[in-house]
Amino acid sequence: MKSKIVVITGAGSGLGASLARKYSEAGDRVVLLGRSQEKLLKVAESLNNENYVYSVDISVKQQVKDVFRLIYAEVGDIDILVNNAGVGYFDLAENIAEQSIDEMIDINLKGTIFCTQEVLGSMKQKNQGYIINIISKSGKRPVVTESVYCASKFGVSGFTESLALELENTSVRAIGIYMGNMATELWKGSAPEDMDKFIDPDDMADLIIENTRIRKHLAVEQITVKNLKE
């Protein structure tokens, strides 16, 4: 099969890095996006296929426009966009700081929308493409101490489902990925003691790639994966 161009946000660690390695192993050209150039370059060094690194803050609309313009000019048409970047601050609702609220809404929700807007025109024109939104099960059900995080993820869920309806009469696909707790840097210093029982990002990456392959006469609208400890 023809090598695809895959753009992954939040590619410097966790699921984003796992997806980058898996797509690269499959022979695809991977574009790594994230805020930390250092982390992106470290992931890039582990890839065995052609790859590209661009530092960007996806919460800033102009930065997103500029970086996608570069990607189209320097790499080519994008076949797959994985909106994976996300942040989480977990506490009781009354304790969450304004800056933390802004970050979760701006990165998790607005960043997903901004990046998606930059690929839709080209994908519709080609009548081909995949937009994969990493949402988490916090976009399906409420969680104590995750009120604002859930609000941002419920927003991404609504955006993804509405986008899928907009694309219904095209061959462009939008899919939401809902999974339980993963062992990633999202938890930062608040990682639970049983984090060793969380989903392995490599396993999740395998599931996503296998279930988003383009097949005739079917489209996967969402993937839901339960963590057995939940």
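Since the model is a prediction, treat every value here as computed from it, not as a measurement. The residue count restarts for each chain, going from 1 along the sequence in the order it is written. Since the coordinates come from a predicted model, pLDDT governs what is reported: local features require at least 70, and pairs of side-chain atoms require 80 or more to be given and counted, while whole-chain, interface and lining totals use all residues. To get the side-chain values, take all heavy atoms of the structure and skip hydrogens and water.

**Focus on the pairing of strand β5 (residues 129–134)**
Inclusion rule: Between buried and exposed lies partly exposed: a residue is buried under 20% and exposed over 50% of the maximum accessible area for its type, with that area taken using a 1.4 Å probe on protein chains only. The helix count covers DSSP runs of H or I at least four residues long, the strand count covers runs of E at least two residues long, and both are numbered beginning at the N terminus. A pair of strands counts as paired when DSSP detects no fewer than two bridges linking them.
For β5, a buried count of six out of six residues is recorded, marking the element as mostly surrounded by other parts of the structure. Because side chains alternate across β5, one face comprises the buried residues Gly 129, Ile 131 and Asn 133, and the other comprises Tyr 130, Ile 132 and Ile 134, equally buried. Bridging between strand β4 (residues 80–83) and β5 involves four bridges; their strand directions are parallel. Note on β5: the bridge partner recorded for Ile 80 is Tyr 130.

**Let's talk about the pattern of salt bridges**
Test applied: When a carboxyl oxygen of Asp or Glu is within 4 Å of a side-chain nitrogen of Lys or Arg, the pair counts as a salt bridge.
Enumeration according to the criterion identifies eight salt bridges in this entry. Here Asp 79 and Lys 126 are joined by a salt bridge, their closest N and O atoms 3.5 Å apart. Here Lys 126 lies in helix α4 (residues 98–126) and Asp 79 lies in the loop between α3 (61–74) and β4, a separation of 47 residues in the sequence. The class for Asp 79 is buried, based on a relative accessible area of 16%.

**So, the packing of helix α1 (residues 14–25) against helix α6 (residues 201–211)**
Helix packing geometry: the angle between the two helix axes and the distance between the axes. Applicable threshold: Convention adopted: a line fitted to C-alpha atoms gives each axis, helices being fitted over their contacting stretch, and angles between N-to-C directions are expressed from 0 to 180 degrees. Here the angle decides the label: under 35 degrees means roughly parallel, over 145 means roughly antiparallel, 65 to 115 means roughly perpendicular, and every other value means oblique. For any helix crossing, the convention is left-handed if the near helix is rotated counterclockwise from the far helix by under a right angle, and right-handed if that rotation is clockwise. By definition in these notes, contact holds between two residues if any of their heavy atoms fall within 4.5 Å. The residue classification treats Ala, Val, Leu, Ile, Met, Phe, Trp, Tyr, Cys and Pro as nonpolar and Asp, Glu, Lys and Arg as charged. All others, Gly included, are polar.
Packing of α1 against α6 brings their axes to within 8 Å, and their N-to-C directions diverge by 55 degrees. When the axes of α1 and α6 are compared, the pair comes out oblique. Seen from above, α1 lies across α6 with right-handed handedness. Contacts between α1 and α6 involve Gly 14, Leu 15, Ser 18, Leu 19, Arg 21, Lys 22 and Tyr 23 from the former and Pro 201, Asp 202, Met 204, Ala 205, Asp 206, Ile 208 and Ile 209 from the latter. Residues belonging to the contact of α1 with α6 are distributed by class as follows: eight nonpolar, two polar and four charged.

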